[in-house]
Amino acid sequence: LRATATTTTLMWHSPSLNLSSLEQGAILSSSLTTPTLVLAPHALPPGGRYTFVLTATSTPTTGAGPKAEGYASIVIATNSAPALGSCWSSPEKGTALETVFRLACSRWEDPESDL
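Let me sum up the structure you'll find in this document. Nothing here was measured: the structure is a model prediction, and the numbers come from that model.

Along the chain, the regular secondary structure elements total one helix and five strands. Reading the helices (α) and strands (β) of the chain from amino to carboxyl end gives β-α-β-β-β-β. Across the 115 residues in the chain, those meeting the buried criterion constitute 19%. The long-range fraction of contacts in the chain, counting pairs at least 24 apart against all pairs at least 6 apart in sequence, stands at 48%. Here the chain has roughly 8,700 Å² of accessible surface; of this, 57% comes from carbon and sulfur atoms.

If you want it as structure tokens, here you go:
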């Protein structure tokens, strides 16, 4: 058995998003050809499911030989914002750093987590 020198290339893609148009934008903080895909904070809209796929392709650098390809995928679900609640303060008006405010919130609902 003889080892063959190969070059491996990596590429991220998403059936959910067009990553190519986002690479230099505010959504991605990394390249599409690195092992780790880094998304900017708050890059994905709330309440969605997003699939990301990393494909690795190994190509022989010398002589003839077959290409080898493999992939891994992950699905990320983002939480929706809580809804239907309200917040208030007492007193309603005051002076910053002088007035002590009491803040309260109630009746917030989030079906994806406990509040």
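Following the structure, the description resumes.
Disulfide: a covalent bond connecting the sulfur atoms of a pair of cysteines. For the structure shown, the criterion picks out one disulfide. The disulfide partner of Cys87 is Cys105, and the S-S distance across this bridge is 2.0 Å. Across the S-S bond linking Cys87 and Cys105, the dihedral sits near 110°, which makes this disulfide right-handed. Here the residue Cys87 occupies a position in strand 4 (residues 86–90), and Cys105 occupies one in strand 5 (residues 102–106), the gap between them amounting to 18 residues. Its relative accessible area of 47% is what places Cys87 among the partly exposed residues.

As a further point, take the sheet that holds strand 3 (residues 68–77). Pairing in this open sheet of three strands is antiparallel, and the strands run 1-2-3 from one edge to the other. Strands with a single pairing partner mark the edges of an open sheet, and in this sheet they are strand 1 (6–13) and strand 3. When strand polarity is set aside, the average angle formed by the axes of neighbouring strands in this sheet is 15°. Looking at chain direction, strand 2 (residues 49–60) and strand 3 are connected through ten bridges and run antiparallel. What sits directly across from Leu54, in strand 3, is Ala72.

It is worth spelling out the environment of Ser73 at this point. You can see Ser73 is positioned in strand 3. Each C-alpha atom of the pair Ser73 and His13 lies 9.5 Å from the other, and the pair is 60 residues apart in sequence.

What follows covers the environment of Phe52. By secondary structure assignment, the location of Phe52 is in strand 2. On the basis of relative accessible area, Phe52 is assigned to the buried category, the value being 2%. Along the chain, Phe52 and Ser16 lie 36 residues apart, while their C-alpha atoms are 7.8 Å from each other. Beyond its immediate sequence surroundings of up to four residues, Phe52 is in contact with Trp12, His13, Ser14, Leu17, Leu19, Leu37, Leu39, Leu44, Ala72, Ser73, Ile74 and Ile76.

Tracing the backbone through its elements, the reader meets Thr55 in strand 2. Residue Thr55 is classed as buried on the basis of its relative accessible area, which comes to 17%. In this structure, Thr55 is in contact with Thr9, Leu10, Met11, His13, Glu69, Gly70 and Tyr71, ignoring residues within four places of it in sequence.

What counts as what
Residues numbered from 1 in each chain as written. Predicted model: local features only at pLDDT ≥ 70, side-chain atom pairs only at ≥ 80, totals over all residues. Heavy atoms only, no water. Helix = DSSP H or I, 4+ residues; strand = E, 2+ residues; numbered from the N terminus. Buried < 20%, exposed > 50% of the residue type's maximum accessible area, 1.4 Å probe, protein only. Contact = heavy atoms within 4.5 Å. Areas by Shrake-Rupley, 256 points an atom, 1.4 Å probe, with all protein chains shown as cover. Disulfide = S-S within 2.5 Å. Pairing = 2+ DSSP bridges. Axes fitted to C-alpha atoms, helices over the stretch in contact; angles between N-to-C directions.

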